[in-house]
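Spelled out from the first residue to the last, the chains are:
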Amino acid sequence: MGLSDIRSRLEAACTAAGRDPAEITLIAISKVQPNDRVEAVLEAGHRVFGENTVQEAESKWPDFRARFPGTEVHLVGPLQSNKARRAMELFDTIHSVDRPKIARAIARLTDEIGRCPDLFIQVNTGEEAQKAGVLPSDTDAFVAECRDLNLPVRGLMCIPPAEETPSLHFALLRKIAERNGLTGLSMGMSADFEEAIAQGATHVRVGSAIFGDRVYS
Ligand SMILES: *Cc1c(COP(=O)(O)O)cnc(C)c1O
């Protein structure tokens, strides 16, 4: 466990898949982690992080960004309309765009703020009732709608159902991305990032395998 171990495993997965590690962005998911663990990973030179909520990013990242120039922070958790403006100010990339209402809010705020983070559309590949994301059958239409709004959609994101084979979901996400001309694939977490790389992931989101288990109080 730890950053250097995950980097080696990422490189080995790339070699096995005939891919260049430079094609893959390792997002260190720092949600719920104590600041000393996050700081250690920053000190080791890592600069791409992910958070689950606007609130947690707000409390942690303005300080770290000031101290560690070049740091990028991605939102990987759900995005509420009433927090959209703050999210757009705080994050470099948002991975959880999943409904027309939020797409329209982002488009309106882009005009006001004058910039927009890179965006990924979250797809609910397992069609789970409790999970966020657009359904696979609705994704083409939603991608088109986002393009009509001139949103900078870079790719698709998924979180496979816990009890299913992740590779099948990664392959489905890739297929939907390809038919929509999207090159970004945000998929793979601590337990399955190597499989995700084999299936074409461009962004892997690894938390506990880098930082250690999350301790919820
Ligand atoms: C927490 C989280 C991760 C990281 O999970 P680990 O199992 O700790 O690697 C990745 N993606 C999302 C969307 C998350 O919420």
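Residues numbered from 1 in each chain as written. Predicted model: local features only at pLDDT ≥ 70, side-chain atom pairs only at ≥ 80, totals over all residues. Heavy atoms only, no water.

Operational definition: UniProt positions are given in the numbering used here, feature names are shortened, and annotations may be inferred rather than shown by experiment.
Going by the annotation in an unreviewed UniProt entry, the name recorded for the protein is Pyridoxal phosphate homeostasis protein, with Roseivivax sediminis given as the source organism. UniProt, in the comment section headed Function (unreviewed entry), describes the protein in these words: "Pyridoxal 5'-phosphate (PLP)-binding protein, which is involved in PLP homeostasis." UniProt, in the comment section headed Sequence similarities (unreviewed entry), describes the protein in these words: "Belongs to the pyridoxal phosphate-binding protein YggS/PROSC family."

1. Observations concerning the overall build of the protein
Filter applied, for reference: Counting from the N terminus, the helices are the DSSP runs of H or I reaching at least four residues and the strands are the DSSP runs of E reaching at least two. Atoms counted for the radius of gyration: C-alpha only. Globule rule: 2.2 Å times residue count to the power 0.38. A 1.4 Å probe rolled over the protein chains alone gives each residue an accessible area, and that area as a share of the maximum for its type sets the label: buried under 20%, exposed over 50%, partly exposed in between.
Scanning the protein from N- to C-terminus turns up 9 helices and 8 strands. Taking 17 Å as the expected radius of gyration for a compact globule of 217 residues, we find that the protein reaches 17 Å, a close match to that expectation. Counting only C-alpha atoms and orienting by the principal axes, one finds that the protein spans roughly 40 × 40 × 35 Å. Taking all 217 residues of the protein together, 52% fall into the buried category.

2. What to know about unusual backbone geometry
Unusually for a residue other than glycine, V32 sits at a positive phi of about 65°. Structurally, V32 can be placed in the loop between β1 (25-29) and α2 (35-43). For N150, which is not glycine, the phi dihedral falls at a positive 60°. The residue N150 is located in the loop between α6 (136-148) and β6 (153-157) in this model.

3. Some thoughts on the UniProt feature "modified residue: N6-(pyridoxal phosphate)lysine" (unreviewed entry) in the protein
Applicable threshold: Contacts: residue pairs with any heavy atoms within 4.5 Å of one another.
Look at the UniProt record and you will see "modified residue: N6-(pyridoxal phosphate)lysine" (unreviewed entry) annotated at K31. Within the secondary structure, K31 is located in the loop between β1 and α2. A relative accessible area of 17% places K31 in the buried class. Contacts of K31, omitting those with residues within four sequence positions, involve G50, E51, N52, E56, K60, R214 and Y216.

4. Observations regarding the packing of α6 against helix α7 (residues 166-179)
For any two helices packed against each other, one specifies the inter-axial angle together with the distance between the axes. Formally: For every element, the axis is a line fit to its C-alpha atoms; helices are fit only across the contacting stretch, and the angle between N-to-C directions ranges from 0 to 180 degrees. Roughly parallel refers to an angle under 35 degrees, roughly antiparallel to one over 145, roughly perpendicular to one between 65 and 115, and oblique to any angle outside these ranges. Handedness of a helix crossing follows the sense of rotation of the near helix relative to the far helix, less than a right angle counterclockwise being left-handed and clockwise being right-handed.
Following both chains from N to C, one finds α6 and α7 inclined at 30°, their axes separated by 10 Å at the closest point. Of the possible angle classes, the one that applies to α6 and α7 is roughly parallel. Crossing of α6 over α7 shows right-handed handedness. In contact with P136, T139 and D140 of α6, α7 contributes L172, I176 and R179.

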